[in-house]
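Coordinate inspection notes
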Amino acid sequence: MKILVIEDEKDVRLNILEILASGGFDSINADNGLTGIQLAKERSPDLIICDIKMPDFDGYNVLEALRQDPKTAMIPFIFLTAKADKADMRHGMNLGADDYLTKPFRRVELLDTIAARLKRHHAQVEIQKKVDELQQINSQKNDLLNTITHDLRAPLTTIKVALQLMDAMPDNRRQYVEIALNACDQGDELIQNLLDLYQLESGEALAPPEPLNLRELLRKTTDAFQVRTRDCQQLLKVNLPETLPVIVADGVSLRRILVELLNNACKYTRSGGEICLKVREATGLDQRPVLKFTIANESEIPARNLPHIFDKFYRVPGSDRWQKGGTGLGLALVKKLVEQLQGSIIVNSEKGWTTFTIELPYETL
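Right, let's walk through the structure included here. It should be emphasised that the depicted structure is a prediction, and the values quoted were computed from it without experimental measurement. (Residues numbered from 1 in each chain as written. Predicted model: local features only at pLDDT ≥ 70, side-chain atom pairs only at ≥ 80, totals over all residues. Heavy atoms only, no water.)

Things to note about helix 1 (residues 10–22)
Note the following rule: By the criteria applied, helices consist of DSSP H or I runs no shorter than four residues and strands consist of E runs no shorter than two, each listed in order from the N terminus. To estimate how far a helix should extend, the number of its residues minus one is multiplied by 1.5 Å. The rule is simple: take the accessible area with a 1.4 Å probe, protein chains only, and divide by the maximum for that residue type; under 20% is buried, over 50% is exposed, in between is partly exposed. Working note: the arc is built from the helix axis to C-beta atom directions.
Spanning 13 residues, helix 1 covers 18 Å between terminal C-alpha atoms, matching the ideal 18 Å at 1.5 Å per step. For helix 1, the set of buried residues is R13, I16, L17, I19 and L20. One side of helix 1 holds all its buried residues, which, seen down the axis, span an arc of 160°. Turned more than 90 degrees off the buried face of helix 1, the exposed positions are K10, D11, E18 and A21. With its phi angle positive at about 90°, G24 sits one or two positions after the end of helix 1.

Some points on the side chain of H121
Quick note on the threshold: Only heavy atoms enter the contact rule, under which two residues are in contact if any of them lie within 4.5 Å.
Along the chain, H121 falls in helix 5 (residues 107–168). Apart from the residues lying within four places of it in its own chain, the contact partners of H121 are M74 and P76.

As for the sheet that holds strand 3 (residues 47–51)
Under the convention used in this document: Only strands joined by at least two bridges in the DSSP assignment are considered to pair. Here an angle of 0 to 180 degrees is reported between the N-to-C directions of two axes, which are lines fitted to C-alpha atoms, with helices fitted over the stretch in contact.
The strand order across the open sheet built from 5 strands is 2-1-3-4-5, with neighbouring strands paired in parallel fashion. At either margin of the open sheet sits one strand with a lone partner, and together these are strand 2 (26–30) and strand 5 (99–102). Neighbour-to-neighbour, the strand axes of the sheet open up by a mean angle of 20°, direction not taken into account. In the sheet, strand 4 (residues 77–81) pairs with strand 5 via 4 bridges, with the strands oriented parallel. Within strand 5, the residue paired with L80 across the bridge is L101. Here helix 1 sits on the sheet and contacts strand 1 (2–6), strand 2, strand 3 and strand 4; the angle it forms with strand 2, its principal contact strand, is near 170°. Sitting on the sheet, helix 3 (residues 59–67) is in contact with strand 1, strand 3, strand 4 and strand 5, with an inclination near 170° to strand 4.

Quick notes on the packing of helix 8 (residues 251–268) against helix 9 (residues 330–340)
When two helices pack together, their arrangement is given by the angle between the helix axes and the distance between those axes. Heads up, the condition is: Working definition: roughly parallel below 35 degrees, roughly antiparallel above 145 degrees, roughly perpendicular at 65 to 115 degrees, and oblique for all remaining angles. Left-handed is the label given to a crossing in which the near helix is rotated counterclockwise from the far helix by less than a right angle, and right-handed is the label when the rotation is clockwise.
The N-to-C vectors of helix 8 and helix 9 enclose an angle of 150°; their axes lie 9 Å apart at closest approach. Looking at the two axes, helix 8 sits roughly antiparallel to helix 9. Once helix 8 is placed against helix 9, the crossing between them reads as left-handed. Across from S253, R256, I257, E260, L261 and N264 in helix 8, the residues of helix 9 making contact are G330, L331, L333, V334, L337 and V338.

This is the structure:
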């Protein structure tokens, strides 16, 4: 703890510095008010002890100047005075003084007063942190509500327009029905992702662990994407080892992770581009066996956008090549699912490729 002492009488100042040193405090000192203000702004002490009666610039002027500066406004401030009548104390308290000490004082009085002020200040700081956190949470909730409202309204607007066009141009009925159904799917995906995120953030798993044939799960998952990538003239390469263990795991969460990442890969890969899924058994940093999933695709995320891709509702601007739309929740959900499974996920994007690497610990039967 660093304490600033502002006192024009040398003997009194040296006595205070000696007491502070014996109490385990670091100290800095000034022999006049103007120097004290400058030191307070430059050194940011944890507490200030200041004499009131000083020539040219007294303690009241010092306190008023410090309370007007945001950098020094919250520093605990103790006045030293040869006498403390009610009028003087009221004036000091109105300016923002935290306490008074009357000269002469004993060592224990000074150290006890400092301890009490520091304890109270610490409590005030903690309360302010809680207030700031609550304000931030409230702001995030408002942002979340606004985003959800916007994203839910978008498919509803699409459906409404499709119905109006269907009525106006019945010959194109099939086309508008397909548009409306796609919009319904987008709305349903948003609602499901929100429900899953809420469940995960509440500490609940999507499904209980059960014996899982990993090869069969991967086959079923990738078969659907083989059809989709062929339609988009993309190439999906699946690289699996000859044998994979039967594991005990939450198959719903694992499949959801793979589906979300492959869906993103398809959405952001150009026609003619490649998507690669690779699965390997490995050993984690804690020496536990892990399954290592690597999903890479020919599309690069700008470095400025990379830190935000796991944020809720974040979409990389202009990156949706196929204009499929999305909820902006897929990667946030993936991160939560990986954490729920006690795994890790990292992303790397360079040289025209984006690669997600996931490590998930597992248990065998």
